[in-house]
Structure formats: structure tokens, C-alpha cells
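Chain residues, written in single-letter form:
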Amino acid sequence: MVLELASNMGRVPEAPDLAESPLSIRGLTVTYGQKPAVFSVDMTVEPGKMTAIIGPNGAGKSTTLKAALGIVPHVSGQVQVFGKPIDTQRARIAYVPQRASVDWDFPTRVIDVVLMGVYRELGLLGRLRGRHKAKAMDCLNRVGMREFAERQIGQLSGGQQQRVFLARALAQDADLYLLDEPFAGVDAATEKAIISVLKSLRAEGKTVVVVHHDLATVTDYFENVFLINTRKVAEGPVTQAFTAETLQTAYGGRLATAQVDQLAQAVG
Amino acid sequence: MVYEALTLQLGYNATLVAIGATLLGISAGVTGTFLFLRKRALVSDAVSHATLPGVCLAFLLMAALGGDGRDLIGLLLGSALSAGIGLWCLNWLTRNTRLAEDAAIGAVLSVFFGFGVVLLTVIQTLGIGKQAGLEGFLLGSTAGMLWEDAVIIAGGGMATLMLILLLRRPMILVAFDAEYAAAQGISVSRVDMMMMGLVMAVTVVGLKIVGLILIVALLIIPAVTARFWTERSEYVVLLAGLSGGLAAYLGAALSATAPNLPTGPIIVLMSFALFALSLFFAPNRGVLAAVMRHIRFQRRVHLRQGLLALAQSQPIYEKLTLRLLRRAGFVRPDGVATEAGRARAAKALRDEKRWEIVRADQTHEAAAALYDGLREIETVMTKDQIAEIDRRIGAPSEVLA
């Protein structure tokens, strides 16, 4: 165990051909206290594709994303975005956090939340101008929330809140979109709206990475998957990496065998 | 007398205090809002109590060096230093131990304040000349306020406001969604540190007027007051500055009307008065508005239930329901339904059936989501849609006379 740990930690980033990957992670380890939540994970996101991060509860799906972005500290590991250190590429990354991570009674309107997406562009003293507001309205329109612009955010349903978060990410004009459980607890209409926006992003050549919990929709929504259970289990195109064996490894006893077979059939 | 006080005609000192207090009130209200939105309001209490050892040590040091121990700049520097140490302890405890922030606040606040009181007692027993006045930092003392003191307060307040103008966006972003802020490359811990630095500056500057025990009120109450009136963070900031400034001005002016009225505590009471007004009378978020909303809702429920009972010829026992039906002219004083009452009751029953259909039908999902037992179906469906539903219900039911 100790040896394995040492060899994993000492691993040098390899594969220069992956340098242009929108998000490449090498040897990422995150611990909460002494217990590793994510252990020595490598991940290479393919450009222009939609990738799902999948795994059981507590497998480190969200943690991987948060640690890569520096939201939670990591013990070891390197992260590169478009082949460069992440801090030089922040403007190209749009992150959509989990809905439950904020207080929805915060005094702010829908349009104000979307405008947070242009704060970076504005800098500390730049004035909000008409074109920023027009852009924010356009982003709200894309997620079907235009008529809610003036509402206080507390008045929205869960699905509407999620769409507002997505609109804020759109306002950033990023190249890499990272979404943490965007489909958790949302209504069918919202799920449809979100997936169609994500597909349109892909059509524009953007890269989308989604922490996803619903195994049934993986093959419909995504081209690539990344299976994780503290360690990386599998990575690659859905047809190769999303199989009965990889799911069994990732979920262990937590997924009923019948469920796995059913999914495997769906995969084909 | 009160009029003279409010128009600043009570002499030089009173005017100086009123102007200084107003500036302090504005900057405290504005600064405190960010703390309140970040849900760390009580941290300011720990910070302010942690100033006391610094004040005392600075006094001892200056006296030992042969200077005037009461030099305000020196005392404020000392207080800022020990507040900074207190803040550092607080952060360290929260980050590196299992103590939650509230427990850490309690620990830092009491230990620093206790140490400060010990030092204060020591200073008094030492019998160093001119030691009188240090207790004034506990609850503020404006009696001997000098022009220089007012300048320090004004300068400190202005500097804080300028910094806030610069930092308002990162601070709001971190307060609302720290994870998103971090993903954008904003250092959350640095923004928090700057926010605390601003709070420390306001606290230190406000020691002379309101004192370290009550400064927390000036930071928090205006923000809470402002929150009642608006749903936009930038307006909360502006209104908090306004109400903080107003409370401080009124408090300072009123305390000048009689000898020995303490300025700081009266400012706090004024601030509370504005808060109480907002608590009760603010539209939407105020208590009165909430009560009215609840009563209106309750009446709608009763009226609806009463109509459905009428339609199904069930007896109505609830007095409120009967009274509401009578007042609306739906039943006669003896409890028998009127013509209008029967028509409305039939409509209510039919609407229930329509809703049943809507809620069972997948294609009407969006409309069905709005069902709450009270909503008029006309508000979510078009005439044609309702006609279509009526066709599905079939012949008019027996109550439709």
C-alpha cells in the first residue's frame, strides 16, 4: 500500500499529445482529514465533447472537479487547462456549482446573478453597460428564463434556479464548461432545456464536463464518460468505458446486478 | 431643545460629535452589510472585544516611554494590532480545529476582553497620571472629543468607503457563491480577510464614539434593517449606509440635549428604533405584511372550502367560513345559499373537476404544477382549453342549475 502510494504520487505527467486537452489532471489526491476522497486520479478531457463524470455517492465526483478548480485544496496533483496552468486560463472556464451550495434568500435578482458572469470581464471598477445587460438577457433567453429577469431568486423553483446558474456560466463566454450535478432534483422541462443548451455549446466546439448521477441517461446525453470511485475506474467513449464491468467496478455491490445488466444492454 | 440639537445649534463639541458619528454610522452600516450578507456578522463582535488589550498595552507603552498615554492615534494603532491578532486566532481556530465559528467567536471574544479588563484594572491601580478615559473605550465617550478625533473618524470612514467601492463586486460574489468565486480565480480567503480588515478599521475608528461593546450594533443593525426593504444587494448596502448614518446623527444630536446622556448607547437605541419600524411596517418582508398575507390566504381557503361544501350540500360548521360566505352574499343570514352563492359554488365544484383532468393529463404538466387548491383555472388555461376540458367532463353536473 505504502509503495503503491509512493509510486502513484511520484508519477511524472506523461503523454505530451494530451497537452491541448481542455482539462487534464495528473495524480490528483484530495483528502478530508486523513481519508482520501479522491486518490491519485488522472483525467484527460477530450476537446469538443460532452463528458460525464460518474460514480456512486461519495466517490469523489464533485470533489475532483472542485479540487481541479482550486475550490477545495488538494494534497497533490497537477491540473492543466488547454495545456497551460489553470490560473492563466480562468477566463476560459465556466463553472456551474450545485444549486444547494448557495443561500437562495440572498437579496439579488435573476438578472444580477447572470451579470456575475461578466464581473471578470468588468474588472474591479468597470461599469455595467447596456451591452452587458443585453448579453445577460440573451443568456437568460437561451435557458428559457427571460421573463424571470426581475424576479428575486428565492421565488424560483429548483429547476429554474439551475437554469439561472447555467445562464450565468453562458454569460462568461467560456470554452470549457464544468457543471456539478445540474440535473439533480430538477423538473423534466429544465432537464430538457439544459441538455439542449449543452448540446448547442458542443456544436459551437466548446467542451462540456458534467458531474452526473443518472445512469439511465448517460448514453443519450454524453459521448465520453469518466468513472470514478475514489480512484479512476474507466475513461473514454461511452461504448468502451461505460460497460457492465466498469460499472460493477465503480459501484461494487451498490448497484443491483439486474440494474447493471439492464444498463449494459442499453449500452449494447 | 431637540430642534436645536437636530439642527446642530448646541455648540462646537455637540456639532463635532454629530458629524463624526454620522460619518461613522454610514461607513459602519455599509461595511457591516457585507459581513451580514456573508453570514459572519458576529465575527465583528469578537474583533471589537479583541481591541481592548491593545488599547491598554498601547497606553502602558506610551506612558512608559514618557509620552501622553492618551494619544488617540497610538491607542487606535494598539487596538488595531490586537484586533488583528484576535482575528487571526479566530481564523486559525476555525480552520485548524474542530471548533465551529460560533464557538471560536465566543472563545476569542471572552479571552481577549477578559485580558483587556485585567489590564485596565492594573492601569487604574498603577496610578499613572491621566489614566482616566480609557474606560471610555468600552462604551464610548464623546465629552472631550477634539477636532483631530473627528478628522480621524472622517478620514477612516472615507477610506473604508473607497475600499468598499473597489471591492464590492468580489465581496458580493464571495458572499453569494463562494465556490463560483473561487472557480473564477478569486481568492475567497483573501476577500474575507479584506472584508475583516474593513470591519477592523470601522471598529477602531468607532471606539471613541460608541465604544467596543456596542460597535457591533452599528455594523449589523443597519444591514438587517435595510434587508427588510429591498431584494437587491446594492440597495441593501445603500439603505444600510443611510439608516446607519441617520441613526448615528439622531442619536448624537439627542444625546447632546441633556448632560451626561451617553452618545453610543443612544445611537444604538435610535438604530434599533429604525429596525423595529422596518420589522413591523416594511412591505413584503415586514411582520405586518406577513400577517396580512396570511389572513388573506386563510380567507381564500375558507371561502373556497365553504363554496365546495355548499355545492355538495354539506353542512358548514366553521364560524369564519359562514361569516365570509355571508359577507360575500353567498348565503343568507339563516345559512341558506343565495342565487349567487349557488352559482359560485357550482363553478367552484366544476373547477375542481377541471383541475382533476388537468392534473391527470401529461400535456398540461406546466399548468398542473401551479395547482394549489385555490388558483382560478382561468389564470392558467385559455378559454379554448377549458372548453376542451369541459367536453371531456361531459354533461353539466347536477349542481349546475
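Computed from a predicted model, the values in this text were never measured in an experiment. Per chain, residues are indexed from 1 in the order of the written sequence. Each chain takes a letter, starting from A, and each ligand takes a number, starting from 1, following the order in which they are written. Residues qualify for local features only when their pLDDT is at least 70, as the model is predicted, and side-chain atom pairs are given and counted only at 80 or more; totals for whole chains, interfaces and linings, by contrast, use all residues. Based on all heavy atoms of the structure, the side-chain values leave hydrogens and waters out of the count.

### Observations regarding the packing of helix H11 (residues 211-227) of chain B against helix H12 (residues 233-255) of chain B
Residues and elements named next belong to chain B. As a reminder, the rule being used: Whenever a helix is involved, its axis is fitted only over the stretch in contact; in every case the axis is a line through C-alpha atoms, and angles between N-to-C directions fall within 0 to 180 degrees. Numbering goes from the N terminus for both helices and strands, where a helix is a DSSP run of H or I of at least four residues and a strand is a run of E of at least two. Oblique is the label for any angle not covered by the other classes, which are roughly parallel (under 35 degrees), roughly antiparallel (over 145) and roughly perpendicular (65 to 115). Crossing handedness follows the turn of the near helix against the far one: under a right angle anticlockwise gives a left-handed crossing, and clockwise gives a right-handed one. We call two residues contacting when some pair of their heavy atoms lies within 4.5 Å. When residues are grouped by polarity, Ala, Val, Leu, Ile, Met, Phe, Trp, Tyr, Cys and Pro land in nonpolar, Asp, Glu, Lys and Arg in charged, and all others, Gly among them, in polar.
As a packed pair, H11 and H12 sit with axes 8 Å apart at the nearest point and diverge in direction by 125 degrees. Comparing their axes, H12 and H11 come out oblique. Note on packing geometry: the crossing formed by H11 with H12 is right-handed. Between H11 and H12, the residues in contact are Pro-222, Ala-223, Thr-225, Ala-226 and Arg-227 and Val-236, Leu-239, Ala-240, Ser-243 and Gly-244, respectively. A per-class count over the contact of H11 with H12 returns six nonpolar, three polar and one charged.

### Concerning the interface of chain B and chain A
Here is the rule we go by: Within this document, salt bridges are pairs made up of a side-chain nitrogen of Lys or Arg and a carboxyl oxygen of Asp or Glu, the two lying within 4 Å of each other. For the purposes of these results, a polar contact is taken to be a pair of N or O atoms within 3.5 Å, where, inside protein, one atom must be able to donate a hydrogen and its partner to accept one; residues adjacent in sequence count only when each atom of the pair is a side-chain atom.
Taken together, the contact pairs 27 residues of chain B with 33 residues of chain A. Summed over the shared surface of chain B and chain A, the number is five salt bridges. Of the charged contacts in the structure, one is a salt bridge between A:Asp105 and B:Arg227, with a shortest N-O distance of 3.7 Å. Taken together, the connections running from chain B to chain A amount to 14 residue pairs in polar contact (both at pLDDT 80 or more).

### Considering the pairing of strand E7 (residues 176-180) of chain A
Residues and elements named next belong to chain A. As a reminder of what qualifies: Here's how the labels work: a residue is buried when its accessible area is under 20% of the maximum for its type, exposed when over 50%, partly exposed in between, all with a 1.4 Å probe on protein chains only. Pairing between strands is defined by DSSP: at least two bridges between them are needed. A clockwise course of the path from the first strand over the helix to the second, judged with the strands pointing away from the viewer, identifies a crossover as right-handed.
For E7, the tally of buried residues reaches five of five residues, placing the bulk of the element in the interior. The side-chain alternation of E7 yields two buried faces, one formed by Leu-176, Leu-178 and Asp-180 and the other by Tyr-177 and Leu-179. With four bridges connecting them, strand E6 (residues 93-96) and E7 associate as parallel partners. Considered in E7, the bridge of Ala-94 is made with Tyr-177. For the segment spanning E7, helix H7 (residues 188-203) and strand E8 (residues 207-211), crossover handedness is right-handed.

### Regarding the sheet that holds E7(A)
Residue and element names in this part refer to chain A. Strand order in this open sheet of six strands is E6-E7-E8-E3-E9-E10, and the pairing throughout is mixed. The sheet terminates laterally at E6 and strand E10 (231-237), the two strands that pair on one side only. Looking at each pair of strands side by side, their axes are set apart by 15 degrees on average, direction ignored. Two elements, E7 and E8, share five bridges in a ladder whose sense is parallel. Residue pairing for E8: Leu-178 is matched across the bridge by Val-209. Contacts between helix H2 (residues 61-69) and the sheet are confined to strand E3 (50-54), E6, E7, E8 and strand E9 (224-229), with E7 contributing the most and set at about 140 degrees to the helix.

### A short note on the nonpolar core
Test applied: By nonpolar core is meant a set of buried Ala, Val, Leu, Ile, Met, Phe, Trp, Tyr and Cys residues that side-chain atoms within 4.5 Å join together.
Core analysis: the biggest nonpolar cluster contains 150 residues, and A:Ile54, A:Tyr177, A:Leu178, A:Leu198, A:Val225 and A:Phe242 have the highest contact counts within it. If you look at the next biggest cluster of nonpolar residues, it comprises 18 residues, including B:Met62, B:Leu119, B:Leu134 and B:Leu212.

### Describing the packing of helix H14 (residues 287-311) of chain B against helix H16 (residues 339-360) of chain B
All names here are of chain B. Their axes nearest at 8 Å, the elements H14 and H16 cross at an angle of 100 degrees. The angle between H14 and H16 places the two elements in the roughly perpendicular class. Seen from H14, the contacting residues are Arg-304, Leu-307, Leu-308, Leu-310 and Ala-311; seen from H16, they are Gly-341, Arg-344, Ala-345, Ala-346, Ala-348, Leu-349, Asp-351 and Glu-352. Of the residues assigned to the contact of H14 with H16, the class counts are eight nonpolar, one polar and four charged.

### Details of helix H5 (residues 130-142) of chain A
In an α-helix, one full turn covers 3.6 residues, which means residues spaced three or four apart are oriented alike. All names here are of chain A. For clarity, the threshold we go by: Helix span, as expected, comes to 1.5 Å for every residue beyond the first. What the arc covers is the set of directions going from the helix axis to the C-beta atoms.
Relative to the 18 Å expected for 13 residues at 1.5 Å per residue, H5 spans 18 Å between its end C-alpha atoms, a close match to the ideal helical length. Turning to H5, its buried residues number three or more, namely His-132, Ala-136, Cys-139 and Leu-140. Seen along its axis, H5 keeps its buried residues to an arc of 100 degrees; they face one direction. When the buried face of H5 is taken as reference, the exposed residues oriented beyond 90 degrees from it are Gly-130 and Arg-131. Contacts made by the buried residues of H5 are with helix H3 (110-115), helix H4 (119-122) and helix H6 (158-170). Two residues or fewer past H5, Gly-144 is found with a positive phi of approximately 70 degrees.

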